[in-house]
Amino acid sequence: MTGRLVIVGASLAGLRAAQAARRAGHSGPLTLVGGEEHLPYDRPPLSKDYLVAGDDGPEDPTYRTEDQLRDELELDLRLGTWATGLDAARKVVELDEGALEYDALVIATGAAPRTLPGASELAGVHTLRTLDDAVAIRAALDAGARTVVVGAGFIGSEVASSARKRGLPVTVLEALPVPLVRAVGEEMGRACAELHRAHGTELRCGVKVTGLVGSSSSGGTVTGVALDDGSVLPADLVVVGTGVTPCTGWLAGSGLRLHERDGGIICDQTLATGLPGVYAAGDVAHFPHPLFDGLLMRLEHWTNASEQGMLAARNALDPAEAKPSASVPYFWSDWYDSRIQFVGIPAADEIRVVSEELGEDKFLALYRRGDRLTGCISIDRPAQIMKYRRMIMKSATWPEALEFAGVT
Ligand SMILES: Cc1cc2nc3c(=O)[nH]c(=O)nc-3n(C[C@H](O)[C@H](O)[C@H](O)COP(=O)(O)OP(=O)(O)OC[C@H]3O[C@@H](n4cnc5c(N)ncnc54)[C@H](O)[C@@H]3O)c2cc1C
């Protein structure tokens with residue numbers, strides 16, 4: 001296709017889409033539209049090294065300079081520009097600065113964090129999605145903030161771990177009795193939670209937050225978090241990590257099929273949305289995974305956004321040769337000095353710990369669905385987990401996986 005390729009969302013999936021389009025030989029106009037003023041940057045460091053880095057300050061997470069993007073990709077880069085609508089019949093993306101025509105469109109608008117009522121009125125309350133969020137949280141940690149994290153998911157847990165590395169007192173509040181149940185299952189959620197306790201972070205599960213407390217005498221700054229037992233936990237910094245919602249508000253009325261629970265874009269295996277020339281990729285996209293019986297999933301993983309960005313662009317440019325999005329899901333998360341890694345999907349009939357060291361800091365566990373190996377989690381077992389990823393790719397059976405693990 002030599003027509004106009006437009007990509008909305010200038011982060012990981014969007015950037016990879018642009019790079020893949022040029023690599024595939026696309027010579028037509030290529031436009032990347034991003035609402036943030038920043039050049040595309042890497043998000044994973046924002047909850048990790050960025051918050052911990054010492055006197056020299058954190059590393060710049062930007063992927064490519066503006067010159068590199070314009071010169072290498074011949075990119076029409078529209079930063080600080082929001083897409084406000086999609087007219088699929090006329091093949092036009094409406095922007096806050098005017099209309100943009102396309103022949104093929106990749107939507108990579110990702111997801112935005114949910115927050116607590118009243119959060120925007122109080123200084124010191126943050127979510128963590130953007131570089132600007134990370135700058136603000138880092139400044140609060142520099143000032144020695146007593147930190148309360150609401151939500152013991154991956155981002156909240158990484159923030160807690162970064163604050164502890166700086167020697168600050170941290171409490172993590174989790175509404176569920178066990179954290180991360182949806183992401184890794186109950187037993188493994190409990191095992192991950194042990195990492196908090198072992199590093200001096202106070203983890204309180206089964207606790208409901210009823211509100212944020214602020215002092216008008218301190219200029220509308222947060223002073224604590226109110227809990228359902230009537231107590232108030234003192235805080236100078238509150239980081240809300242209670243999940244994200246796909247950024248699809250701008251697509252209302254476009255005719256795109258949106259997921260009824262979270263509003264993400266429903267695609268087919270090739271990431272096509274069903275509207276002519278329109279594809280989606282990354283955190284915003286639901287797709288039926290061919291390796292898991294067509295189970296519809298939306299992943300919030302770096303590797304998925306990178307791979308799907310590339311795939312969506314290639315498929316949009318050459319729909320006749322479109323390939324499915326079929327790689328085994330993978331994410332990692334760094335807590336304290338440990339790396340948690342997960343491959344596959346967490347929904348399981350059985351989870352079997354296959355290393356002896358559970359209770360110490362390292363372990364590996366396998367997930368079974370029916371008679372197949374469908375997932376694997378590890379703490380500090382990077383080489384092993386990738387072997388299981390390959391086994392899942394090859395649809396290994398459960399007995400094969402157990403034999404490989406040396407378990408009978
Ligand atoms: C702090 C943090 C740490 C993470 N750590 C890990 C990790 O350790 N391991 C891992 O696997 N994953 C991690 N992730 C997840 C990973 O970064 C995401 O999966 C990835 O960024 C998704 O990329 P994306 O391009 O799909 O969406 P996003 O990165 O969300 O980018 C979407 C972009 O689109 C823009 N946008 C939205 N709406 C519009 C609009 N209407 N018009 C124009 N632009 C718009 C947004 O402003 C944003 O810049 C982390 C995420 C965060 C936030």
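Going by the structure above, here's the rest.
We now turn to the structure provided with this report. Nothing here was measured: the structure is a model prediction, and the numbers come from that model. (Residues numbered from 1 in each chain as written. Predicted model: local features only at pLDDT ≥ 70, side-chain atom pairs only at ≥ 80, totals over all residues. Heavy atoms only, no water.)

1. Considerations on helix 5 (residues 154-165)
Part 1: For helix 5, spanning 12 residues, the distance from its first C-alpha to its last is 16 Å, which sits close to the expected 16 Å at 1.5 Å a residue.
Part 2: Within helix 5, nine of the 12 residues are buried, which leaves it mostly tucked inside the rest of the structure.
Part 3: Of all the residues in helix 5, the buried ones are Phe154, Gly156, Ser157, Glu158, Val159, Ala160, Ser161, Ser162 and Ala163.
Part 4: Just past helix 5, the residue Gly167 takes up positive phi, approximately 80°. (Helix = DSSP H or I, 4+ residues; strand = E, 2+ residues; numbered from the N terminus. Expected span 1.5 Å × (residues − 1). Buried < 20%, exposed > 50% of the residue type's maximum accessible area, 1.4 Å probe, protein only.)

2. Regarding the pattern of salt bridges
Part 1: Applying the stated criterion across every chain, the model contains 19 salt bridges.
Part 2: Asp103 is the partner of Arg4 in a salt bridge, and the nearest nitrogen-oxygen pair spans 3.1 Å. Residue Arg4 is found in the segment before strand 1 (5-8), and its partner Asp103 is found in the loop between strand 6 (98-101) and strand 7 (104-107); the two are separated by 99 residues along the sequence.
Part 3: For the salt bridge of Arg43 with Glu36, the shortest nitrogen-to-oxygen distance reads 3.1 Å.
Part 4: Glu36 sits in the partly exposed class, given a relative accessible area of 24%.
Part 5: Beyond isolated ion pairs, a larger network of salt bridges with shared partners links Arg4, Glu101 and Asp103. (Salt bridge = Lys/Arg side-chain N within 4 Å of Asp/Glu carboxyl O.)

3. Describing the environment of Arg129
Part 1: Within the secondary structure, Arg129 is located in the loop between strand 9 (125-126) and helix 4 (131-142).
Part 2: On a C-alpha basis, the gap between Arg129 and Leu15 in space is 17 Å, while along the polypeptide they are 114 residues apart.
Part 3: Excluding its chain neighbours within four sequence positions, the residues that come into contact with Arg129 are Tyr41, Arg43, Leu46, Ala111, Pro113, Val244 and Asp283.
Part 4: Reaching out from Arg129, the side chain makes a polar contact with the backbone oxygen of Ala111 at a distance of 3.0 Å.
Part 5: There is a polar contact of 2.9 Å between the side chain of Arg129 and the side chain of Asp283. (Contact = heavy atoms within 4.5 Å. Polar contact = N/O pair within 3.5 Å; in protein donor to acceptor, adjacent residues only side chain to side chain.)

4. Notes on the packing of aromatic side chains
Part 1: With the rule as written, the count across this model stands at seven aromatic pairs.
Part 2: When the ring of Phe154 is compared with that of Trp335, the centres are 6.3 Å apart and the planes differ by 65°; the resulting orientation is edge-to-face. In this pair, Phe154 sits in helix 5 while Trp335 sits in strand 22 (residues 330-335), placing the two residues 181 residues apart along the sequence. Accessibility classification places Phe154 together with Trp335 in one group, the buried group.
Part 3: Considering the side-chain rings of Phe331 and Phe342, the 5.7 Å spacing of their centres and the 15° angle between planes classify their relative orientation as stacked. One end of the pair, Phe331, is in strand 22; the other, Phe342, is in strand 23 (residues 338-344), and 11 residues separate them in sequence. Exposure class is identical for Phe331 and Phe342. Each is buried. (Phe/Tyr/Trp six-rings, centres within 6.5 Å; stacked < 30°, edge-to-face > 60°.)

5. Details of the pairing of strand 6
Part 1: Strand direction decides the pairing type here: strand 5 (residues 92-95) and strand 6, joined by four bridges, are antiparallel. Bridge pairing in strand 6 places Leu95 opposite Gly98.
Part 2: Hairpin remark: strand 5 followed by strand 6, antiparallel, with two residues in the connecting loop. (Pairing = 2+ DSSP bridges.)

6. Quick word on the site of the ligand
Part 1: Around the ligand, 33 residues are found, and the nearest of them are Ser11, Glu36, Arg43, Lys48 and Arg129.
Part 2: Take Arg43: an N or O atom from its side chain is 2.6 Å from an oxygen atom of the ligand.
Part 3: In this structure, an oxygen atom belonging to the ligand sits 3.5 Å away from a main-chain N or O atom of Ala111.
Part 4: When the ligand sits alone it has 1,000 Å² of accessible area, and the protein chains cover 95% of it.
Part 5: Elements that contribute at least two residues to the shell around the ligand include exactly helix 1 (12-23), helix 5, helix 8 (302-317) and strand 22.
Part 6: When the residues that make up the shell around the ligand are grouped by side-chain class, the tally is 16 nonpolar, 10 polar and seven charged. (Near = heavy atom within 4 Å. Areas by Shrake-Rupley, 256 points an atom, 1.4 Å probe, with all protein chains shown as cover. Nonpolar A, V, L, I, M, F, W, Y, C, P; charged D, E, K, R; others polar.)

7. Side note on the sheet that holds strand 2 (residues 30-34)
Part 1: Taking strand neighbours across the sheet as the criterion, the five strands line up as 3-2-1-7-19 in an open arrangement whose pairing is parallel. Looking at strand neighbours, the two that pair on one side only are strand 3 (76-79) and strand 19 (278-280), the edges of this open sheet. Sheet twist, expressed as the mean angle between neighbouring strand axes with direction ignored, is 15°.
Part 2: Judged from the four bridges that link them, strand 1 and strand 7 form a sheet pairing that is parallel. When the bridges of strand 7 are listed, Leu5 appears paired with Ala104. (Axes fitted to C-alpha atoms, helices over the stretch in contact; angles between N-to-C directions.)

Purely geometric stuff here, so don't read any function into it on its own.
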